[in-house]
Amino acid sequence: MIQPSIPTNESERIQDLREYEILDTLPEQAFDDLTKIAASICGVPISLISLVDTDRQWFKSRYGIDATETPRDLAFCAHAINAPDEVLIVPDATKDERFFDNPLAASEPNVKFYAGAPLVNSKGHALGTLCVIDHHSNELTDDQEEALKALARQVVSQMEYRKELLKRNRKIQYISKSSDLMEMMIEAAPTGMLMADENGVIVQANALVDELFGYDRKELIGSKLEMLIPERSRIKHPKRRDSYFEHPSKRAMGTGRELFARRKDGSEFPVEIGLNPIQSKGERFVLSSIVDITERSKARKELRQFAKFFQMSLNMVCVANVNGYFKQINPAFSKVLG
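Residues numbered from 1 in each chain as written. Predicted model: local features only at pLDDT ≥ 70, side-chain atom pairs only at ≥ 80, totals over all residues. Heavy atoms only, no water.

Enquirer: Please explain the overall build of the chain as it appears in this structure.
Expert: Summing up its helical and strand segments, the chain has 11 helices and 14 strands in all. A fraction of 53% describes how many contacts in the chain between residues 6 or more apart in sequence connect residues 24 or more apart. Split by element, the accessible area of the chain, about 19,600 Å² in all, is 53% carbon and sulfur. (Helix = DSSP H or I, 4+ residues; strand = E, 2+ residues; numbered from the N terminus. Contact = heavy atoms within 4.5 Å. Areas by Shrake-Rupley, 256 points an atom, 1.4 Å probe, with all protein chains shown as cover.)

Enquirer: Please explain the side chain of His125 as it appears in this structure.
Expert: Considering the arrangement of structural elements, one finds His125 in the loop between β5 (113-120) and β6 (126-134). Relative accessible area serves as the criterion here: at 11%, His125 is assigned to the buried category. Among the polar contacts listed, one links the side chain of His125 to the side chain of Asp16, at a separation of 3.0 Å. Once residues lying within four places of it in the same chain are set aside, the contact partners of His125 are Asn9, Glu12, Arg13, Asp16, Leu119 and Val120. (Buried < 20%, exposed > 50% of the residue type's maximum accessible area, 1.4 Å probe, protein only. Polar contact = N/O pair within 3.5 Å; in protein donor to acceptor, adjacent residues only side chain to side chain.)

Enquirer: Teacher, can you tell me more about the pattern of salt bridges here?
Expert: Opposite charge on two side chains permits them to pair, given that their charged atoms come into close proximity. With the rule as written, the count across this model stands at 20 salt bridges. Put simply, Arg284 and Glu198 hold a salt bridge, and the shortest N to O gap is 2.8 Å. Taken together, the residues span a long stretch of sequence, with Arg284 in strand β12 (residues 283-292) and Glu198 in the loop between β7 (192-197) and β8 (202-205) at a distance of 86 residues. Take Arg284: its relative accessible area is 29%, and that puts it in the partly exposed class. Here the residues in one salt-bridge network are Arg18, Asp24, Asp53, Arg56 and Glu69, joined through shared partners. (Salt bridge = Lys/Arg side-chain N within 4 Å of Asp/Glu carboxyl O.)

Enquirer: Quick question: what am I supposed to make of the layout of surface pockets here?
Expert: Think of a ball as big as a water molecule: rolled over the atoms, this probe shows where empty space is left. Size it by volume and the largest pocket reaches roughly 650 Å³. Lining the largest pocket we find 30 residues, and of these Ile229, His237, Met253, Leu259 and Ile273 sit closest to its centre. For the lining of the largest pocket, the secondary-structure elements that each account for two or more residues are β7, α8 (231-234), α9 (237-246), β9 (251-253), β10 (259-262), β11 (268-280) and β12. Examining the composition of the lining of the largest pocket, we find that 6 residues originate from one element, α9, more than from any other. Broken down by class, the residue content of the lining of the largest pocket amounts to 19 nonpolar, 5 polar and 6 charged. (1 Å grid on protein atoms, 1.4 Å probe; cavity = no way out; pocket = protein on both sides within 12 Å on 5 of 7 lines; lining within 4 Å. Points joined across faces, edges and corners; volume = space filled by probe spheres on them. Nonpolar A, V, L, I, M, F, W, Y, C, P; charged D, E, K, R; others polar.)

Enquirer: Before we go on, may I ask you to explain the nonpolar core in this structure?
Expert: Nonpolar side chains in soluble globular proteins tend to end up buried together. Counting residues in hydrophobic clusters, the biggest one holds 28 residues, and the most contacted among them are Leu51, Leu119, Leu130, Val132, Leu148, Val155 and Met159. Secondary structure elements with two or more residues in this core: α2 (29-42), β1 (46-52), β5, β6 and α5 (142-188). The greatest single-element share of this core, amounting to 6 residues, is contributed by α5. By size, the runner-up hydrophobic cluster in this structure holds 23 residues, among which are Cys77, Ala78, Val111 and Ile133. (Core = buried A, V, L, I, M, F, W, Y, C linked by side-chain atoms within 4.5 Å.)

Enquirer: Sorry if this is basic, but what is going on with helix α1 (residues 10-19) here?
Expert: Each turn of an α-helix holds 3.6 residues, which means side chains three or four residues apart point in the same direction. When α1 is considered as a whole, its buried residues turn out to be Glu10, Arg13, Ile14, Asp16 and Leu17. Here the buried residues of α1 occupy an arc of 160 degrees about the axis, which is enough to place them on one side. Looking at α1, the residues exposed on the side facing more than 90 degrees away from the buried face are Ser11 and Gln15. Looking at the buried residues of α1, the elements they touch are β1 and β6. (Arc of directions from axis to C-beta.)

Enquirer: Hey, could you run me through the side chain of Ser50 in this one?
Expert: Within the fold, Ser50 resides in strand β1. A polar contact of 2.8 Å, which involves the side chain of Ser50, links it to the side chain of Gln57. If we ignore the near neighbours within four places in the chain, the residues touching Ser50 are Gln57, Trp58, Phe59, Cys77, Leu119, Leu127, Gly128 and Thr129.

Enquirer: Whenever I open this one, the sheet that holds strand β3 (residues 69-71) confuses me. Can you help?
Expert: Paired through backbone hydrogen bonds, the strands of a sheet run either parallel or antiparallel to each other. Taken in spatial order, the 6 strands make up an open sheet running β3-β2-β1-β6-β5-β4, and their pairing is antiparallel. Looking at which strands have only one partner, the edges of the open sheet turn out to be β3 and β4 (88-90). Neighbour to neighbour, the strand axes of the sheet diverge by 25 degrees on average, direction disregarded. Bridge count for β1 against strand β2 (residues 56-63) is 6 bridges, and the pairing is antiparallel. (Pairing = 2+ DSSP bridges. Axes fitted to C-alpha atoms, helices over the stretch in contact; angles between N-to-C directions.)

Enquirer: How should I be thinking about α2 in this particular structure?
Expert: Given a rise of 1.5 Å per residue, 14 residues ought to cover 20 Å, and the 20 Å separating the end C-alpha atoms of α2 matches this to within 8%. In the segment just after α2, Gly43 is the residue with positive phi, at about 65 degrees. (Expected span 1.5 Å × (residues − 1).)

Enquirer: Looking at this structure, how should I read the packing of aromatic side chains?
Expert: Given two aromatic rings, their pairing is described by the distance between the two centres and the angle made by the two planes. Under the definition given, this model contains 4 aromatic pairs. Relative to Phe99, the ring of Phe76 has its centre 4.0 Å away and its plane inclined at 10 degrees; by these criteria the two rings are stacked. Placement of Phe76 in helix α3 (residues 76-80) and of Phe99 in the loop between β4 and α4 (103-106) is noted, with a sequence separation of 23 residues between them. Given the relative accessible area of 4%, Phe76 is considered buried. Residues Tyr244 and Phe245 carry aromatic rings whose centres are separated by 5.6 Å and whose planes lie at 80 degrees to one another, so their mutual orientation is edge-to-face. We classify Phe245 as buried; its relative accessible area is 5%. (Phe/Tyr/Trp six-rings, centres within 6.5 Å; stacked < 30°, edge-to-face > 60°.)

Rendered as structure tokens:
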């Protein structure tokens, strides 16, 4: 018996094979259909989709045989992958110096006839074969050989499809997990958090937003942001939103001017709003933090009123600290002191 040689691109070939994440997976109908068709077209009792691993050949699909793998040094398919562009045909293994004393030929499963079409991917790596086996010496017609090649290409296509499907599912899971995490973060935020798309449609809001505006969340999701803005400011808002999305960035909204929001009952309250752009699944959103500053505005107003009174008072007014030092005096007091 002559053991198969190792392909010159073995390390890259094995790495490629691993990336398909197909070894030791459960049977799949799409692959089983191809082995059945191959056996039927070639008129043989056994057909396999064999993937040649580092020290074994493992069968993704098997028709007419119970074994799931064999040692690589015994594998006919390990010879076949050394000529990726050819179908390896062994009419009678007992008369072939490479296989006549191979245990797979000398005993179960009694491989006498073998034909293997390499499974070659887009990088030119032969990952294994689609092979057909008979217990008697045999030959393939030209049509059968071409059919076997075509089916081998279908096996590779199915492997590629499966690989892309795994990637897509992982991406969906990642997005779903990220979305769940984002939702939890928004819900746990200490301020009202609201997310809208670039058309101004609300896509997410936390419980604090419900409290601030008096809406049920179901009323907010899918509605326009303008429902939360005083009527006098609604006309200009779409233009401001478009301007923001032209150059999205983290920023405080309305710097230098007072902002007001509108509750469900029509009442208004002063707010501070922070904007954060977000991109997900190719779409753009803005995440807004909303803080009710009613009490702060009230205190600020009272402070301004006191300051005005302080400066305009005709009486002498001063402010001192606990140690008796002047902190502030009004003009009348200053005039007396000279």
